[in-house]
Amino acid sequence: MAARPETARKLLLYWMYASFGLVWFISCVVVVGESMSGELPAARAAVNIALLTCFFAFTPVLLHEAFDHRPRPTLKLLLAGVLSAVVLALSPLDSPSSVMWLQTVTFWASLAALYLRPLAMIVMAAAQVAVVTVYCTLMTIQGWQGVLVVQVVNSVLMIGAMLVWRWLWWVIRDAHKSREARARLAVAEERLRFARDLHDLLGHSLSVITLKSELAAKLATKDADRAAAEMAEVRALAGESLFEVQQAVHGYQALDLDEELAGVRAALEAAGVRCAIEARTDSLSPSARMLLAWAVREGGTNILKHSAATRCEITIDEGVLEMLNDGVTELPATPGSGLRGLSERLVTVGGSFTAEPTPGGRFLLRAVVPA
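Residues numbered from 1 in each chain as written. Predicted model: local features only at pLDDT ≥ 70, side-chain atom pairs only at ≥ 80, totals over all residues. Heavy atoms only, no water.

Looking at an unreviewed UniProt entry, one finds the chain named Two-component system sensor histidine kinase DesK, with Nonomuraea rubra as its source organism.

### Focus: the environment of Val 153
With respect to the secondary-structure elements, Val 153 resides in helix H6 (residues 144-219). Here Val 153 falls in the partly exposed class, since its relative accessible area comes to 41%. For the pair Val 153 and Val 129, spaced 24 residues apart in sequence, the C-alpha separation works out to 9.9 Å. (Helix = DSSP H or I, 4+ residues; strand = E, 2+ residues; numbered from the N terminus. Buried < 20%, exposed > 50% of the residue type's maximum accessible area, 1.4 Å probe, protein only.)

### Comments concerning the packing of helix H8 (residues 257-270) against helix H9 (residues 286-306)
Between H8 and H9, the shortest axis-to-axis distance is 8 Å and the interhelical angle comes to 10 degrees. Judged on the interaxial angle alone, H9 and H8 are roughly parallel. Residues Leu 257, Asp 258, Glu 260, Leu 261, Val 264, Ala 267 and Leu 268 of H8 form the contact with H9, whose own contacting residues are Arg 289, Leu 292, Ala 293, Val 296, Arg 297, Gly 300, Ile 303 and Leu 304. Residue composition of the contact of H8 with H9, grouped by class: 10 nonpolar, one polar and four charged. (Axes fitted to C-alpha atoms, helices over the stretch in contact; angles between N-to-C directions. Parallel < 35°, antiparallel > 145°, perpendicular 65-115°, else oblique. Contact = heavy atoms within 4.5 Å. Nonpolar A, V, L, I, M, F, W, Y, C, P; charged D, E, K, R; others polar.)

### Notes on the UniProt feature "transmembrane region" (unreviewed entry) in the chain
Mapped onto this numbering, the UniProt entry annotates "transmembrane region" (unreviewed entry) at residues 12-33, 45-63, 75-93, 123-141 and 147-169. Secondary structure over residues 45-63 splits into 100% helix and 0% strand, and the C-alpha atoms at its two ends are 27 Å apart. Helix makes up 100% of residues 147-169 and strand 0%, with an end-to-end C-alpha separation of 33 Å. (UniProt positions renumbered as here; feature names shortened; annotations may be inferred.)

### Observations regarding the packing of aromatic side chains
All told, the structure shown has seven aromatic pairs when counted by the stated rule. Centre to centre, the rings of Phe 56 and Phe 107 are 6.1 Å apart; their planes meet at 70 degrees, and the pair counts as edge-to-face. Highlighted residues: Phe 56 in helix H2 (residues 42-66) and Phe 107 in helix H4 (residues 98-113), separated in sequence by 51 residues. The same class applies to Phe 56 as to Phe 107, namely buried. Ring centres 6.5 Å apart and planes at 10 degrees place the aromatic pair Phe 67 and Trp 169 in the stacked group. Separated by 102 residues along the polypeptide, Phe 67 in the loop between H2 and helix H3 (75-90) and Trp 169 in helix H6 bring together distant segments of the chain. Looking at Trp 169, the relative accessible area reads 4%, which means it is buried. A connected cluster of aromatic rings, assembled from ring pairs, spans Phe 20, Phe 55, Phe 56 and Phe 107. (Phe/Tyr/Trp six-rings, centres within 6.5 Å; stacked < 30°, edge-to-face > 60°.)

### Remarks on the pattern of salt bridges
In this structure the tally under the stated criterion is seven salt bridges. Across the salt bridge formed by Glu 65 and Lys 76, the nearest N and O atoms sit 2.9 Å from each other. One end of the pair, Glu 65, is in helix H2; the other, Lys 76, is in helix H3, with 11 residues separating them in the sequence. Connected via shared salt-bridge partners are Arg 311, Glu 313 and Arg 362. (Salt bridge = Lys/Arg side-chain N within 4 Å of Asp/Glu carboxyl O.)

### Overview of the sheet that holds strand S5 (residues 363-368)
One open sheet holds the five strands; their spatial order is S1-S2-S3-S5-S4, and the pairing between them is mixed. With partners counted over all chains shown, the strands left at the sheet margins are strand S1 (274-280) and strand S4 (352-357), one partner each. On average, each strand axis in the sheet is inclined to that of its neighbour by 5 degrees, with strand direction left out of account. Of the strand pairs in this sheet, S1 and strand S2 (residues 311-317) are connected by seven bridges, and their pairing is parallel. Bridge pairing links Arg 280 to Asp 317 in S2. (Pairing = 2+ DSSP bridges.)

### Describing the pairing of S4
Where S4 and S5 come together, six bridges link them in antiparallel fashion. Looking across to S5, one finds that Ala 355 is bridged to Leu 365. Between S4 and the antiparallel strand that follows it, S5, lie five residues; Gly 361 among them carries a positive phi value of about 85 degrees.

### Some thoughts on the packing of H2 against H3
Put simply, H2 and H3 touch, their axes get as near as 9 Å, and they point 150 degrees apart. With respect to H3, the axis of H2 lies roughly antiparallel. You can see that H2 and H3 cross each other, and the crossing is left-handed. Contacts between H2 and H3 involve Arg 44, Val 47, Asn 48, Leu 51, Leu 52, Cys 54, Phe 55, Phe 58, Val 61, Leu 62 and Glu 65 from the first element and Lys 76, Leu 77, Leu 79, Ala 80, Leu 83, Ser 84, Val 86, Val 87, Ala 89 and Leu 90 from the second. Its residues placed into classes, the contact of H2 with H3 shows 16 nonpolar, two polar and three charged. (Left-handed = near helix turned anticlockwise from the far one by under 90°.)

### Let's talk about the side chain of Asn 48
With respect to the secondary-structure elements, Asn 48 resides in helix H2. Asn 48 gets classed as buried once you look at its relative accessible area, which sits at 0%. In this structure, Asn 48 is in contact with Val 31, Leu 40, Leu 90 and Ser 91, ignoring residues within four places of it in sequence.

Dropping the structure here:
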């Protein structure tokens, strides 16, 4: 997914708005031309332009309503259909520009297709083609076969294009939602793993401590020496549990740089972001590698959650990490807790951290640690 959803949505909608606007402009030019040539009375031309303007003024509203989902047909859709039918009825079908007037009804059918289910859409399109073909055949001396072919081709192309436009937006929107869901799922899985580890470590120890504490309380008035021995065991168990928790937390915080680089590459490429990695880390100390691993994890998370990147370049040259991506977005007023915490951790050990757009229109996360 190359574009942010809202940007893609606006692009597709503006594209359709511009297409309808261009057709309106050309139609008005044709009406003026026919009026100036005497084929269309001036009063009738003015009415046609007014009706065309009203019809095409409805198109942005109808598109906006039906772009995110398939709504029920509305009164605005019906009114636009009436306008398109009146435009067709008032237009000269025996002129060279007759195809232009037929397009107005077809445009309305393509808008109506966004509101209807597939079967209803097919019935509506077939009825529209049949009615227009019969009307044009009765009003002109043209053969019905030619009108029918033109109407069928136009309807298929315009309705198909409208549905494809909306389908593209739905695909982009769903892909973005799945991308966010993957990021949330990764965080949830990590929390679940840590909670499971803590339960395994503390569940048994706390149960034993509870039982021994109850036993010591009962023995306190009967056998003071044994009660003291039980409490000594409780203290020892509590100390062991504390040590195990500290070890678990240390293991949770200790990240492997190579594993993080591989994990970030896999996550980014799964989200459609090409990832290139160049790392020289042979002389780094274990603490420096761990700090850079945290920076890589945080940078990858931010690209997945907040970026519209299509390419990411990760470079590690001894103690300097640079993550450069082409998905610049508007930065929040204050950095998130992850970036802020990472910056504080690096500064504490004598390093530095920056995350900001570059003059070339890309975003650079740079972390420096003592090698």
